[in-house]
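Architecture and fold: a report
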Amino acid sequence: MSPTGYPWPIETARLDNGLRVVVSEDRTAPVVAVNIWYDVGSRHEPDGQTGFAHLFEHLMFEGSAHVAKTEHMRLIQGSGGSLNATTNPDRTNYFETVPAEHLELALWLEADRMGGLVPALTQETLDNQREVVKNERRQRYDNVPYGDAWLRLLPLLYPPGHPYHHATIGSMDDLNAADLATFAAFHSTYYAPNNAVLSIVGDVVPADAFALAEKYFGGLVPRMDIPPAPDGSKPEAPAGPVREDVVGEVPAPRIYVAHRTHPFGSRGYDAVTVLATILGNGRGSRLYQRLADGRRLAQPDYVSAYGVDLAHAPAPLIVTATARDGVAVGDLETGLVEVVDETAGGVGQEELDRAKALLSTAWWRQVSTVAGRADVLSRYTTQFGDPARAGERLPSWQSVTLDEVAEVAAELRPDNRVTLTYLTEEPS
């Protein structure tokens, strides 16, 4: 294992317009990944504009000044590449992996939609993509059993006005109410070179990559008055335990137990990540051993624990289980809570070693591809100002102690707990 967790070279530059460029050369295979993180996610959205960042994830593929609708996708795929985009509360990212000889194409396409989307944005395109987002909400959240759990958990975990209070899918009412000029203004505000990180990883000479970045992005005008997201780093303390029961068309009762913990990137959150792995990762986890295999309260495939990697506020730890046939939801909740609460009394060295091994495997799987590395470098540059800090994550997980795990486990108290329960029928 590399002592830094990132054994590849990293070189950086900043263009005069503020664009941060990160290059990591790897000549193993003739491919290259291009990854752009924009420092805009749902946490930046003002009241009345929820869902805007996610909608632009769609709109950015619908044409720009010199690229026709859907042509971005056609050109990348026609060159043997792959591409996609994602949005979360902290950021929006766009990425391609292409044969190395097509790096210039990928950079030209990304630069054109960074600086040239607004002139190409039409009412027809906007209306079409609003309908696409509405359909996505129906398919992923509204019409799927337990699909709206994240939409319910966020407002239970974070108070009104907090930047993490609403999910990235946003409000359909907000999307319907906004006009073309409002959407254009949102893009002009946040999709600027000085609000972005461009990472290039793979079969490329760094000097050539920096020259191409300057060629295609250097002429884009920075935005000097980008408003910061609201500060959510210290949300008000919960007034007590919070719970919500949902009766719906679900195949079996399910329980989510959630807590706010520490921000992603902090020492505390690294300990939370190890704790989550002990609690709910695989057949050797406490939840599986106790609830699925032991007391047979939970379905084996539906017990888990995981942290949500949010960097600008105490991030959630979510523990969940789905009841077996004939198991009362109250019995499942009692068993789940017992497993969580008992970790405050400490975990075993064998459990700790297993968790660290699993996290090591997951880390190397993530950075085993040029695309995975490019995303990691964009993250650490955007959120922590230094791509080399990516090398800290794995060593930090590996150095978490038994005492640190017990300490964060003790913070998962009943008085600050959020419980979301899905029921198949009204409780008697």
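As annotated in an unreviewed UniProt entry, the protein carries the name M16 family metallopeptidase and is attributed to Phytohabitans kaempferiae.

1. Re the nonpolar core
In this structure, Tyr38, Tyr191, Leu198, Ile200 and Phe217 are the most contacted members of the largest nonpolar core, which totals 127 residues. Of all the elements, helix H9 (residues 267-280) adds the most residues to this core, at eight residues. Filtering out sequence-adjacent residues up to four positions away, phenylalanine 217 remains in contact with Leu15, Asn17, Leu19, Ile36, Leu107, Glu110, Ala111, Met114 and Leu198.

2. As for helix H1 (residues 52-59)
By the criterion of burial, H1 is predominantly enclosed, with eight of the eight residues buried. Within H1, the full set of buried residues consists of Phe52, Ala53, His54, Leu55, Phe56, Glu57, His58 and Leu59. In this structure, the buried residues of H1 make contact with strand E4 (82-87), strand E5 (92-99), helix H3 (103-120), helix H4 (123-142), helix H6 (172-177) and helix H7 (180-190).

3. A closer look at the pattern of salt bridges
When the charged atoms of two side chains lie near each other, side chains of opposite charge can form a pair. Evaluated as defined, the whole model comprises 27 salt bridges. Where aspartate 26 meets arginine 373, a salt bridge forms, and the shortest distance between an N and an O atom there is 2.9 Å. With aspartate 26 in the loop between strand E2 (20-25) and strand E3 (31-38) and arginine 373 in helix H13 (residues 370-384), the pair connects residues that are 347 residues apart, well separated along the chain. The burial state of aspartate 26 is the same as that of arginine 373; both residues are buried. A salt bridge links aspartate 203 to arginine 27; the nearest nitrogen and oxygen atoms lie 2.3 Å apart. Here aspartate 203, found in the loop between strand E6 (196-202) and helix H8 (206-217), pairs with arginine 27, found in the loop between E2 and E3; they are 176 residues apart in sequence, far enough to count as distant. One network of salt bridges, with partners in common, ties together Glu25, Arg27 and Asp203.

4. Regarding the packing of H3 against H8
Where H3 meets H8, the closest approach of the two axes is 9 Å, and the angle between their N-to-C directions is 35 degrees. For the pair H3 and H8, the sense of crossing is right-handed. Contacts between H3 and H8 involve Leu103, Glu104, Leu107, Trp108, Glu110, Ala111 and Met114 from the first element and Leu212, Ala213, Lys215, Tyr216 and Phe217 from the second. Residues belonging to the contact of H3 with H8 are distributed by class as follows: nine nonpolar, no polar and three charged.

5. Looking at the environment of arginine 290
Summarising the element assignment, arginine 290 is placed in helix H10 (residues 286-294). According to the relative accessible area criterion, arginine 290 is partly exposed, its value standing at 28%. Sequence separation between arginine 290 and asparagine 143 is 147 residues; the distance between their C-alpha atoms is 32 Å. Other than its neighbours up to four places away in sequence, arginine 290 contacts Arg295, Glu338, Val339 and Glu342.

So, how was this worked out
- Residues numbered from 1 in each chain as written.
- Predicted model: local features only at pLDDT ≥ 70, side-chain atom pairs only at ≥ 80, totals over all residues.
- Heavy atoms only, no water.
- Core = buried A, V, L, I, M, F, W, Y, C linked by side-chain atoms within 4.5 Å.
- Buried < 20%, exposed > 50% of the residue type's maximum accessible area, 1.4 Å probe, protein only.
- Helix = DSSP H or I, 4+ residues; strand = E, 2+ residues; numbered from the N terminus.
- Contact = heavy atoms within 4.5 Å.
- Salt bridge = Lys/Arg side-chain N within 4 Å of Asp/Glu carboxyl O.
- Axes fitted to C-alpha atoms, helices over the stretch in contact; angles between N-to-C directions.
- Left-handed = near helix turned anticlockwise from the far one by under 90°.
- Nonpolar A, V, L, I, M, F, W, Y, C, P; charged D, E, K, R; others polar.

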